[in-house]
Amino acid sequence: MVELWDAYRADGTLAGVDLVRGEKIPAGLFHVVVEILVMHKDGTVLLMRRDRNKENAPGLWEASAGGSVIKGEEFEAAARRELLEETGIAAGDLEFIYKTMSKASIYYGYLCITDAEKDSITLQEGETIDYKWITLEEYVHIYDSDELTKGNQKRLRPFMEKNLLKKAL
């Protein structure tokens, strides 16, 4: 099945063009990716391990669930869908925490604070193979390690440093 995305201009407006997953994105156009940082009400952070067969960053941990926004989908709705697909968590309130660009993608980041049972996380076949809840102190120690995806670290760094990591230090 072909997955279609809406194309966006750099300013975030719709370009009126469809993009096809797996095909090269034309210069000057972007697709939108949502990422959801999940924190438990007890202050721990959810890490998800990427499937070892993923093209980018196989087997590495990332401090978010996420994926591409499909054609016609609202960004927050996409965040809720991706979070549910990759973790089994049905989000209550989502807090928008960042927007950034990288190559042909515009990333919208959200924060989900949950009280879900920690052992209730479900994995999405082909996407995730493991999960763990870690303290902010543990996150500080692996933040710049080779265990976390570099893009995820870069996109989350301003939010984490401003809001969370100083609490752990």
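Residues numbered from 1 in each chain as written. Predicted model: local features only at pLDDT ≥ 70, side-chain atom pairs only at ≥ 80, totals over all residues. Heavy atoms only, no water.

Draft legend 1. The nonpolar core, seen in detail. Judged by nonpolar contacts, the single largest core of 24 residues is most densely connected at Val34, Ile36, Phe75, Leu83, Ile89 and Tyr110. Those elements that place two or more of their residues in this core are strand S3 (31–40), strand S4 (45–50), helix H1 (75–87) and strand S8 (105–114). When neighbours within four sequence positions are excluded, Tyr110 is seen to be in contact with Val34, Glu35, Ile36, Leu37, Phe75, Glu76, Ala79, Leu94, Glu95, Phe96 and Ile97. Val33, Ala63, Ile97 and Leu148 belong to the second largest nonpolar core, which has 20 residues in total. (Core = buried A, V, L, I, M, F, W, Y, C linked by side-chain atoms within 4.5 Å. Buried < 20%, exposed > 50% of the residue type's maximum accessible area, 1.4 Å probe, protein only. Helix = DSSP H or I, 4+ residues; strand = E, 2+ residues; numbered from the N terminus. Contact = heavy atoms within 4.5 Å.)

Draft legend 2. Highlighting the pattern of salt bridges. Throughout the structure, instances matching the rule amount to twelve salt bridges. With a shortest N-O distance of 3.3 Å, Glu62 and Arg50 are connected by a salt bridge. In this pair, Glu62 is assigned in strand S5 (residues 61–62) and Arg50 in strand S4, connecting sequence segments twelve residues apart. The two residues Glu62 and Arg50 agree in class, both being buried. For Glu85, the salt bridge goes to Arg81, with nearest N and O atoms at 3.4 Å. (Salt bridge = Lys/Arg side-chain N within 4 Å of Asp/Glu carboxyl O.)

Draft legend 3. Main features of the pairing of strand S2 (residues 14–20). For strand S1 (residues 4–8) and S2, the ladder comprises four bridges, and the chain directions are antiparallel. Bridge pairing links Tyr8 to Leu14 in S2. Between S1 and S2, which follow one another and run antiparallel, lie five residues, and Gly12 among them has a positive phi close to 90 degrees. (Pairing = 2+ DSSP bridges.)

Draft legend 4. Inspection of the side chain of Asn152 at higher detail. Positionally, Asn152 belongs in helix H3 (residues 150–168). Classification of Asn152 by relative accessible area gives buried; the value is 2%. Apart from the residues lying within four places of it in its own chain, the contact partners of Asn152 are Glu35, Glu62, Ala63 and Ser64.

Draft legend 5. Structural view of unusual backbone geometry. Phi angles above zero are rare outside glycine, and Ala57 is one such case at about 55 degrees. Here Ala57 lies in the loop between S4 and S5. One non-glycine residue, Lys103, lies in positive phi territory at about 50 degrees. Its place among the elements puts Lys103 in the loop between strand S7 (94–102) and S8.

Draft legend 6. Summary view of the side chain of Thr87. Structurally, Thr87 can be placed in helix H1. Residue class for Thr87 comes out buried when judged on its relative accessible area of 1%. Within the local environment of Thr87, its side chain forms a polar contact with the backbone oxygen of Leu83, the two atoms lying 2.5 Å apart. Here Ile89 takes part through its backbone nitrogen, which lies 3.0 Å from a polar atom of the side chain of Thr87. Beyond its immediate sequence surroundings of up to four residues, Thr87 is in contact with Leu46, Met48, Ala65, Ser120, Ile121 and Thr122. (Polar contact = N/O pair within 3.5 Å; in protein donor to acceptor, adjacent residues only side chain to side chain.)

Draft legend 7. Region of interest: the pairing of S3. Of all ten residues in S3, ten are buried, a share of seventy percent or more. Side chains of S3 alternate between two faces, with His31, Val33, Glu35, Leu37 and Met39 and Val32, Val34, Ile36, Val38 and His40 buried alike. Bridge count between S3 and S8: ten bridges; the pairing is parallel. Paired with Leu37 across the two strands is Leu111, which belongs to S8. Bridging between S3 and strand S6 (residues 65–68) involves four bridges; their strand directions are antiparallel. Bridge assignment links Ile36 to a residue of S6, and that residue is Ala65.

Function cannot be read off these values alone, since they describe shape.
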